[in-house]
Amino acid sequence: MKRKTQKDNTKLTRFILYFFLIAMLFFIYLMSKNFTKSISGNIKSISWVQVDADLLNASIKITQGSTNSSSRTKYTYYAPQVSYKYNFNDTSCIGRKVAWIEGGDDSKLRNLAYGFVYNFEHNIPIKVFINPEQPCESIVDRTIHWSKLTTMGIILIITTLFASGIVYLLVKTSKK
């Protein structure tokens, strides 16, 4: 009887480990996709053409929160939200992409957001980078935002280590 209970516990443990492994692999896939999107987008846009664009709208999305349940450490992230119109080779396009990485921060993207609002209020055109092969593909800020990439990289490494630990546990339980 004891042997059967031990086998059932081993099966349940393996099932839970497989479930967490699949969840972690999916999370690793999503994180690595976002991580590589920023770097590859920057490399891809090196040869893009810079043109002037008129701002149609500019606003700032402000996200506030705290890092723990006691709300002692608070943070505020600022994300620029813009729409701009430009002409390139007799093609008129409207763009909304600001940076290769989504979201906001409290430094570079905050400064960009306030700059966009200022330019919009004073009717000052902005510079955008245009893909010459697909004129309606554009971006305003093609720099790599290392603060966000570093955070994503650390989370990606930790998740990969946890997934490796789960694989190790699965191999260890399969030998019994």
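Residues numbered from 1 in each chain as written. Predicted model: local features only at pLDDT ≥ 70, side-chain atom pairs only at ≥ 80, totals over all residues. Heavy atoms only, no water.

**Some details on the overall build of the chain**
Tallying secondary structure elements over the chain gives 3 helices and 5 strands in all. Within the chain, buried positions represent 33% of all 176 residues. Sequence-distant contacts in the chain: of pairs separated by 6 or more residues, those separated by 24 or more amount to 74%. When the accessible surface of the chain is split by element, carbon and sulfur atoms take 58% of a total near 11900 Å². (Helix = DSSP H or I, 4+ residues; strand = E, 2+ residues; numbered from the N terminus. Buried < 20%, exposed > 50% of the residue type's maximum accessible area, 1.4 Å probe, protein only. Contact = heavy atoms within 4.5 Å. Areas by Shrake-Rupley, 256 points an atom, 1.4 Å probe, with all protein chains shown as cover.)

**Considering the pairing of strand S3 (residues 91–95)**
Looking at chain direction, strand S2 (residues 74–88) and S3 are connected through 5 bridges and run antiparallel. Across the sheet, Lys85 pairs through a bridge with Ile94, a residue of S3. Counting the residues that bridge the hairpin from S2 to S3 gives 2 residues, and of these Asn89 lies at a positive phi of roughly 50°. (Pairing = 2+ DSSP bridges.)

**A word on helix H2 (residues 108–121)**
In a regular helix each residue adds 1.5 Å, so 14 residues correspond to 20 Å; H2 covers 20 Å between its end C-alpha atoms and thus fits that length. For H2, every residue scored as buried is listed here: Leu109, Leu112, Ala113, Phe116, Val117 and Asn119. For H2, the angular spread of the buried residues around the axis is 165°, confining them to a single face. The positive-phi residue at the C-terminal boundary of H2 is Asn123, with phi of around 55°. (Expected span 1.5 Å × (residues − 1). Arc of directions from axis to C-beta.)

**Observations regarding the state of the cysteines**
Within this structure, the stated rule accounts for 1 disulfide. Here Cys93 connects covalently by a disulfide to Cys136, the sulfurs 2.0 Å from one another. Taking the sign of the S-S torsion, about -70° here, the bridge from Cys93 to Cys136 comes out left-handed. With Cys93 in strand S3 and Cys136 in strand S5 (residues 134–139), this pair connects stretches of sequence that are 43 residues apart. Under the relative-accessibility criterion, Cys136 is labelled partly exposed at 49%. (Disulfide = S-S within 2.5 Å.)

**Section: unusual backbone geometry**
Its identity is not glycine, yet Asp90 carries a phi of approximately 60°, on the positive side. With respect to the element layout, Asp90 can be found in the loop between S2 and S3. Within the chain, Asn123 stands out as a residue other than glycine whose phi angle is a positive 55°. Inspection of the secondary structure puts Asn123 in the loop between H2 and strand S4 (126–131).

Keep in mind these values describe shape, not function.
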